[in-house]
Amino acid sequence: MFPGKNPSLGTSRLTDENVCPTLHRNVRSGGAGAFACQPIKAARYAILICSLVIAALPAGAQGRTRYERRVLFNDGWRFFKGEAAGAEMPAFDDSSWRSLTLPHDWAIEGPFDQRISAHTGGLPISGTGWYRKHFTVTEYRSYRRTVEFDGAMSNARVWLNGHELGERPYGYSSFALDLTPYINPDGDNVLAVRLTPEEQSSRWYPGAGIYRNVWLTVTGPVHVAHWGTYVTTPAVTAGKATVAIATEIENQGPAAAPIRLTTSILDASGKRVAQVTSDGSLPAGGKQTLSQKLTVANPRRWDIDSPYLYSAVTEVRQGGSVVDRYTTPFGIRTIEFDREKGFLLNGRYRKLQGVCNHHDLGALGAAVNARATERQLQIMRSMGVNAIRTSHNPPSPELLEAADRLGLLVMDEAFDMWRIPKVKNGLSKFFDQWFERDLRDLIRRDRNHPSVILWSIGNEIEEQGRADGGKLAQRLTDICHEEDRTRPTTAAFNDFSGAIKNGLAAAVDVPGFNYQPFQYSQIRKDHPAWVIFGSETASCVSSRGVYHLPMKLENKTPDLQVSSYDIEAPPWAYCPDVEFTYQHELPAVLGEFVWTGFDYLGEPTPYGARADWPSRSSYFGIVDLAGFPKDRYYIYKSVWTSEPTVHLFPHWNWAGHEGEKIPVMVYTNAPEVELFLNGQSLGRKKLGADTVVLPVGKNVSQAGTFTSKYRLEWEVAYAAGDLKAIGYRDGKQFAVDSVKTAGAPARVVLTPDRKAIASDGEDLSFVTVRIEDKDGNLCPLADNLVKFHLEGPAAIAAVDNGNAASVEPFQADYRKAFSGLALAIVRSQNGKLGPIRLSATSDGLAPGEVQIEAK
């Protein structure tokens with residue numbers, strides 16, 4: 001498994017398969033007496049899962065209506081931004097407070113403020129916010145009720161009917177609290193949440209508010225515990241798989257309870273393929289974990305190319321009646337980390353082609369949305385990404401569910417800092433009190449996801465430079481192994497020599513190294529038992545569609561943009577070509593996680609100083625904040641996929657530069673490319689043979705240059721017209737790309753990513769706005785102001801254009817184009833059907849219109 005490391009873990013192979021966390025999406029289907037388990041495209045989440053209509057009945061109540069065990073608790077909240085003395089008490093008057101539906105991020109609403117650090121997006125992330133929800137209990141009054149928060153940012157305190165239930169400082173942690181002792185069964189109940197996020201609590205945009213989903217769980221006294229199932233597959237062959245399930249059951253009743261536990265394995269069609277029954281007895285107020293093993297014949301494995309999911313249905317019986325039913329999606333797959341073979345998934349070599357992503361969803365902020373999350377991952381998949389690093393915090397459950405469904409591997413990360421602070425009010429303030437609880441909860445929540453392959457205990461933590469840093473790392477690794485023995489631990493080290501010297505790197509199973517491609521060979525030589533990878537790489541910066549002449553390293557420019565020739569990087573980093581070179585030379589290095597897949601709010605490197613305002617979001621992304629690919633997307637696609645790719649840049653609108661030599665580049669996986677200007681050949685070049693000398697920082701080369709074999713370059717004297725690149729393989733045309741000199745902007749064109757969305761109040765359509773000339777060419781310099789008008793059962797959730805140096809509001813009905821593009825995000829209204837018409841106008845341009853159907 002991890003040769004030479006942590007021998008207490010046992011075997012040399014990692015073969016346990018894992019599941020989506022215990023249950024998880026609420027599907028309102030089925031009826032009294034029905035338990036349906038079939039592929040369902042849930043309107044709320046557009047996700048293929050088994051229905052979790054619950055058939056949990058009290059003993060002797062077979063004829064009664066069955067209830068849903070776990071339901072969304074997002075509707076009907078009231079919100080107040082500011083301090084509100086006494087708001088935890090049920091009699092407090094909140095009638096004037098704002099009504100809203102969760103998830104909610106108050107900071108993304110703005111306004112941008114130059115006094116707030118650009119490193120957290122220049123948005124109002126700090127202060128006090130109160131949320132209150134009134135609800136009544138009408139059925140099953142004696143049952144247990146638990147509220148679960150997927151995440152609340154941050155320093156959460158929670159009350160029910162004036163009684164404090166608990167707190168959770170770390171805004172990324174999921175947590176559950178028991179409502180039962182203070183429930184009023186005969187009248188109004190008030191759940192109150194107070195949040196106090198602070199400035200200087202993060203190095204990027206954290207958001208603010210109850211920004212992830214809230215759930216209500218209703219059970220009888222005897223039930224499966226919170227995150228109570230743990231599914232592994234210790235033995236997998238083509239003919240059969242052993243599925244081992246440990247189920248923790250609680251008895252919160254006043255008397256001992258003999259139980260019978262039946263677990264069924266269902267395939268993706270809902271067919272039962274295995275079943276086992278065990279007996280147990282729980283003392284009053286006690287818990288018991290029952291271990292079971294089942295055999296699945298001819299298993300279908302979860303893999304990148306075929307992410308097949310099974311479900312484990314757990315039924316707890318008392319006296320012959322089902323008193324709890326709990327569904328756990330999971331996948332059957334094997335993983336192995338080998339010193340010489342690299343990473344093996346189901347026995348097959350896979351290079352990790354990963355990206356790091358922060359948790360925000362661009363213009364939507366930190367507020368979780370399943371469709372927006374899915375869209376981000378789909379865009380990443382389309383360029384060849386097979387792995388996601390959740391930088392630098394626990395992800396939303398929605399991200400892991402989408403990764404399971406799409407076939408993406410996940411490096412699940414816990415912390416950005418430990419005891420030593422990076423920012424004044426960060427995690428270090430409460431690390432000692434909460435780290436064990438936070439880490440155990442993360443693993444228990446996520447350990448059933450087949451997508452998760454690594455537990456990361458930290459990113460660039462300051463303890464790399466402390467003599468005792470290895471001791472704390474070992475404690476965190478031990479916690480991970482106690483909760484899950486099937487996956488290795490890792491951490492991301494930027495001070496590689498310090499981490500090696502003080503034992504930090506040795507304390508994890510698979511050390512990750514940030515920005516150290518030049519050291520991979522030496523580290524492997526010095527530590528012959530280690531399996532290593534690039535946990536953070538590249539950090540190239542660029543602005544989509546912006547090109548500065550001449551092509552050179554610039555650091556900063558007056559327009560607050562970064563040239564998109566993909567050579568710019570901060571002092572510690574480098575262009576993509578550098579990492580490709582070393583990864584290809586060392587196939588046993590597991591792979592890389594690029595910083596970053598998407599642009600994100602905050603950290604506007606190389607800008608960010610007060611004088612750089614309004615630069616307020618990152619330039620690191622391969623894709624911009626709006627989801628539009630930058631040129632770099634295509635170099636990764638050309639290296640990471642076999643899909644025919646030729647991408648030509650820059651744009652070809654250079655009025656005033658006639659006759660001047662313009663650097664023209666092509667990203668391609670075609671062996672040979674020929675470039676044409678207005679039909680005249682400018683010659684052929686061969687990929688790999690015709691190398692490109694790139695200007696780079698001194699960290700890459702003391703000469704200030706790096707020779708790349710991953711791109712082609714021509715110097716072309718500018719003349720308006722048609723620039724075309726044709727790629728050839730085996731003498732035949734393989735792929736083509738062209739750019740044309742666009743005329744004056746003439747029209748607005750709207751293109752939705754989906755023409756039909758669910759009428760659930762959460763589903764989204766992302767509408768691309770293009771400024772085109774009369775012939776349909778994108779106008780690459782256009783920055784026209786576009787105004788939107790919407791008719792029908794929907795709302796404009798947000799607008800964007802990918803410009804990192806704009807403080808236009810995200811929540812608006814207008815947006816300027818940036819490099820010819822903008823974005824409008826349309827959200828459905830809950831329960832309302834029919835056509836949605838979005839129109840866009842801009843002075844002097846023909847308007848655009850598109851119709852979307854809410855179904």
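Below you will find a few notes about this structure. Note that the structure is predicted; figures quoted are calculated from it, not measured.

### Some details on the sheet that holds strand E8 (residues 156-160)
Here comes step 1: The strand order across the open sheet built from 6 strands is E5-E4-E6-E11-E8-E9, with neighbouring strands paired in antiparallel fashion. A single partner strand is all that each edge strand has here, and the edge strands are strand E5 (98-100) and strand E9 (163-168). In this sheet, neighbouring strand axes are inclined to one another by 25° on average, regardless of whether the strands run parallel or antiparallel.

### Quick notes on the pattern of salt bridges
Here comes step 1: A full pass over the atoms with the stated rule returns 56 salt bridges.
Here comes step 2: One salt bridge in this structure joins Asp 279 and Arg 260, with 2.7 Å as the shortest N-O distance. Of this pair, Asp 279 sits in strand E16 (residues 272-282) while Arg 260 sits in strand E15 (residues 257-266); the two residues are 19 residues apart in sequence, bridging distant segments of the chain.
Here comes step 3: Classification of Arg 260 as partly exposed rests on a relative accessible area of 42%.
Here comes step 4: Linking Glu 536 and Arg 389 is a salt bridge whose minimum nitrogen-to-oxygen distance equals 3.1 Å. Of this pair, Glu 536 sits in strand E29 (residues 533-538) while Arg 389 sits in strand E24 (residues 387-390); the two residues are 147 residues apart in sequence, bridging distant segments of the chain.
Here comes step 5: What you see here is one network of salt bridges that share partners, running through Glu 436, Arg 440, Arg 444, Arg 447, Arg 475, Glu 482 and Glu 483.

### Some remarks on the nonpolar core
Here comes step 1: Counting 185 residues, the largest nonpolar core has Trp 77, Tyr 131, Leu 191, Phe 415, Trp 418 and Trp 652 as the members making the most contacts within it.
Here comes step 2: Not counting residues within four places of it along the chain, the set of residues in contact with Trp 652 comprises Ile 662, Val 664, Leu 677, Val 716, Tyr 718, Ala 719, Gly 721, Leu 723, Val 739, Lys 740 and Thr 741.
Here comes step 3: Ranked by size, the runner-up nonpolar core spans 26 residues in total, among them Val 748, Val 767, Val 769 and Phe 788.

### Re unusual backbone geometry
Here comes step 1: Put simply, Met 153 and Ser 154 share a cis peptide bond, and its omega is -10°.
Here comes step 2: With respect to the helices and strands, Ser 154 occurs in the loop between strand E7 (144-149) and E8.
Here comes step 3: With an omega of -5°, the peptide bond between Trp 595 and Thr 596 qualifies as cis.
Here comes step 4: Its identity as a non-glycine residue notwithstanding, Asn 155 has a phi of 55°, on the positive side.
Here comes step 5: Turning to its location among the elements, Asn 155 is positioned in the loop between E7 and E8.
Here comes step 6: In this structure Asn 155 comes out as partly exposed when scored by relative accessible area, which is 22%.
Here comes step 7: Even without being glycine, Asn 161 reaches a positive phi, approximately 50°.
Here comes step 8: Structurally, the position occupied by Asn 161 is in the loop between E8 and E9.
Here comes step 9: A residue is classified by how much of its surface remains accessible, and Asn 161, at 14% relative accessible area, is buried.

What counts and how
- Residues numbered from 1 in each chain as written.
- Predicted model: local features only at pLDDT ≥ 70, side-chain atom pairs only at ≥ 80, totals over all residues.
- Heavy atoms only, no water.
- Pairing = 2+ DSSP bridges.
- Helix = DSSP H or I, 4+ residues; strand = E, 2+ residues; numbered from the N terminus.
- Axes fitted to C-alpha atoms, helices over the stretch in contact; angles between N-to-C directions.
- Salt bridge = Lys/Arg side-chain N within 4 Å of Asp/Glu carboxyl O.
- Buried < 20%, exposed > 50% of the residue type's maximum accessible area, 1.4 Å probe, protein only.
- Core = buried A, V, L, I, M, F, W, Y, C linked by side-chain atoms within 4.5 Å.
- Contact = heavy atoms within 4.5 Å.

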